[in-house]
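These are the residues of each chain, in order.
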Amino acid sequence: MFFPLSKLIFFVLTPSNFLILLGLLGCVLLFTEFGRGFGRALTIAGFLGLLVVGLSPLSAWILAPLENRFPAFADDDGRPVAGIVVLGGAVEADTSIGRNQITVNDAGEREIALGDLARRFPQARLVFSGGAGSMREDAISEAEIVSRYADTLGVPRNRLILEQQSRNTRENAVFSARMVQPKPGERWLLVTSAWHMPRAMGCFRKAGFDVTAYPVDYRTNWPRDAYRFATFASDGLGELDIGVKEWIGMLAYKLAGYTDEVMPGP
């Protein structure tokens, strides 16, 4: 129930969707006898809001606290890396199948890190955790795509441990821990987008899986972006959608008991 409900809530509360729906509601009210004034206000608020939040630095202010929560990985621990867990969310499975090549979205640095870390730590166990993330029964998992095109990433297939059932971050953590059963004292790296790292770390801690953050896929260059306006409104809206969704996700995960803190830190 949590999975489909979360999809619906995120659809409505995503800023770009919300502002468009607000503007459309205003347009509808313009054709009513008693709602024209209110409809005019909603229409202006909705479509002006798209322009303002899309071009302003608001998205950077929303994303930066998430991205800066965990520092970049520094290999100064002294312990060997026993394993690496890379979370899905970057592979476009349907397009990959249709085009017969691995296709990634803006979070493609996760796959780049997989190939890089596989080379740097040849003895480490490699886990890719990513199911379909879709409510379609015939959807293909991201893990399946990574397995098919492992050679493209420079990763030997026989090193990959594939977790293909997870649909969200909590399941990434629970299913990965169940598969590899990490031993106390082992050093495992967790690779995911920097803006997603706080929620991911909270889930892995809740699952009893001790991991070290390896953040990638930064969307802000802080503090330069604090006062930098976007060239295209679509860019700002896309980043704002990600940030707002992640803040809502962290709160929802805390309320659902999937994490122990709203915003886990180092």
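Just so you know, these numbers come straight off a predicted model, no measurement behind them.

The rules behind these values
- Residues numbered from 1 in each chain as written.
- Predicted model: local features only at pLDDT ≥ 70, side-chain atom pairs only at ≥ 80, totals over all residues.
- Heavy atoms only, no water.
- Salt bridge = Lys/Arg side-chain N within 4 Å of Asp/Glu carboxyl O.
- Buried < 20%, exposed > 50% of the residue type's maximum accessible area, 1.4 Å probe, protein only.
- UniProt positions renumbered as here; feature names shortened; annotations may be inferred.
- Helix = DSSP H or I, 4+ residues; strand = E, 2+ residues; numbered from the N terminus.
- Polar contact = N/O pair within 3.5 Å; in protein donor to acceptor, adjacent residues only side chain to side chain.
- Contact = heavy atoms within 4.5 Å.
- Pairing = 2+ DSSP bridges.
- Axes fitted to C-alpha atoms, helices over the stretch in contact; angles between N-to-C directions.
- Parallel < 35°, antiparallel > 145°, perpendicular 65-115°, else oblique.
- Left-handed = near helix turned anticlockwise from the far one by under 90°.
- Nonpolar A, V, L, I, M, F, W, Y, C, P; charged D, E, K, R; others polar.
- Expected span 1.5 Å × (residues − 1).

### Section: the pattern of salt bridges
So, point 1. Applying the stated criterion across every chain, the model contains 11 salt bridges.
So, point 2. The partner of Arg 167 in a salt bridge is Glu 171, and the shortest N-O contact between them spans 3.4 Å.
So, point 3. Arg 167 sits in the partly exposed class, given a relative accessible area of 40%.
So, point 4. Take Glu 171: its relative accessible area is 10%, and that puts it in the buried class.
So, point 5. Between Asp 225 and Arg 224 there is a salt bridge, with the nearest N and O atoms lying 3.3 Å from each other.
So, point 6. With a relative accessible area of 11%, Asp 225 lands in the buried category.
So, point 7. Arg 224 sits in the partly exposed class, given a relative accessible area of 48%.
So, point 8. Taken together, the salt bridges that share partners define one network made up of Asp 116, Arg 119 and Arg 120.

### Notes on the UniProt feature "transmembrane region" (unreviewed entry) in the chain
So, point 1. The UniProt feature table records "transmembrane region" (unreviewed entry) at residues 12–32 and 44–64.
So, point 2. Spanning residues 44–64, this segment combines 90% helix with 0% strand, and its end C-alpha atoms are found 29 Å apart.

### Focus on the side chain of Arg 219
So, point 1. For Arg 219, the position within the fold is in the loop between β5 (212–216) and α11 (233–256).
So, point 2. At 2.7 Å, the side chain of Arg 219 forms a polar contact with the side chain of Asp 217.
So, point 3. Beyond its immediate chain neighbours, meaning those up to four positions away, Arg 219 contacts Leu 63, Glu 67, Asp 106, Ala 107, Trp 195, Asp 225, Glu 239 and Ile 242.

### Points about the sheet that holds strand β1 (residues 81–87)
So, point 1. Taken together, the 5 strands give an open sheet; going across it, the order is β3-β2-β1-β4-β5, and neighbouring strands pair in parallel fashion. Only two strands of the sheet have a single partner each, and these edge strands are β3 (160–163) and β5. Between one strand and the next, the sheet's axes are offset by a mean angle of 20°, whatever the strand orientation.
So, point 2. This element, helix α6 (residues 109–120), spans β1, β2 (125–129), β4 (187–193) and β5 of the sheet and lies at about 125° to β5.
So, point 3. Contacting β1, β2, β3 and β4, helix α9 (residues 169–180) crosses the sheet at an angle of about 135° to β3.

### Points about unusual backbone geometry
So, point 1. With omega at 10°, the peptide bond leading from Trp 222 into Pro 223 counts as cis.
So, point 2. Following the sequence through the fold, Pro 223 ends up in the loop between β5 and α11.
So, point 3. Backbone geometry places Asn 100, a non-glycine residue, at a positive phi of 60°.

### Considerations on the packing of helix α10 (residues 197–206) against α11
So, point 1. Two elements in contact, α10 and α11, have axes separated by 9 Å at closest approach and are oriented at 20°. Classified by the angle their axes make, α10 and α11 are roughly parallel. Both α10 and α11 take part in a crossing whose hand is left-handed. Note on element contacts: α11 touches α10 through Glu 246, Gly 249, Met 250 and Tyr 253, opposite Pro 198, Arg 199 and Cys 203.
So, point 2. Tallied by class, the residues present in the contact of α10 with α11 amount to 4 nonpolar, 1 polar and 2 charged.

### So, α6
So, point 1. Relative to the 16 Å expected for 12 residues at 1.5 Å per residue, α6 spans 16 Å between its end C-alpha atoms, a close match to the ideal helical length.
So, point 2. Where α6 is buried, its residues touch β1, β2, α7 (142–148), α8 (150–153), β4 and β5.

### Brief notes about α9
So, point 1. The terminal C-alpha atoms of α9 lie 17 Å apart, and with 12 residues this matches the ideal 16 Å at 1.5 Å per residue to within 8%.
So, point 2. If you check which residues of α9 are buried, you get Thr 169, Glu 171, Asn 172, Ala 173, Ser 176, Ala 177 and Val 180.
So, point 3. Capping the start of α9, Asn 168 holds a side-chain oxygen 3.3 Å from the backbone nitrogen of Arg 170, two or three residues further along.
So, point 4. Two residues or fewer past α9, Gln 181 is found with a positive phi of approximately 45°.

### A closer look at the packing of helix α2 (residues 15–29) against helix α3 (residues 36–55)
So, point 1. In contact at an axis separation of 7 Å, α2 and α3 are set at 155° when each is read in the N-to-C sense. The orientation of α2 with respect to α3, classified from their angle, is roughly antiparallel. Judged by the sense of rotation from one axis to the other, the crossing of α2 with α3 is left-handed. Residue-level inspection shows Ser 16, Leu 19, Ile 20, Leu 22, Gly 23, Leu 24, Leu 25, Gly 26, Cys 27 and Leu 29 of α2 in contact with α3, the latter providing Arg 36, Phe 38, Gly 39, Leu 42, Thr 43, Ala 45, Gly 46, Phe 47, Gly 49, Leu 50 and Val 53.

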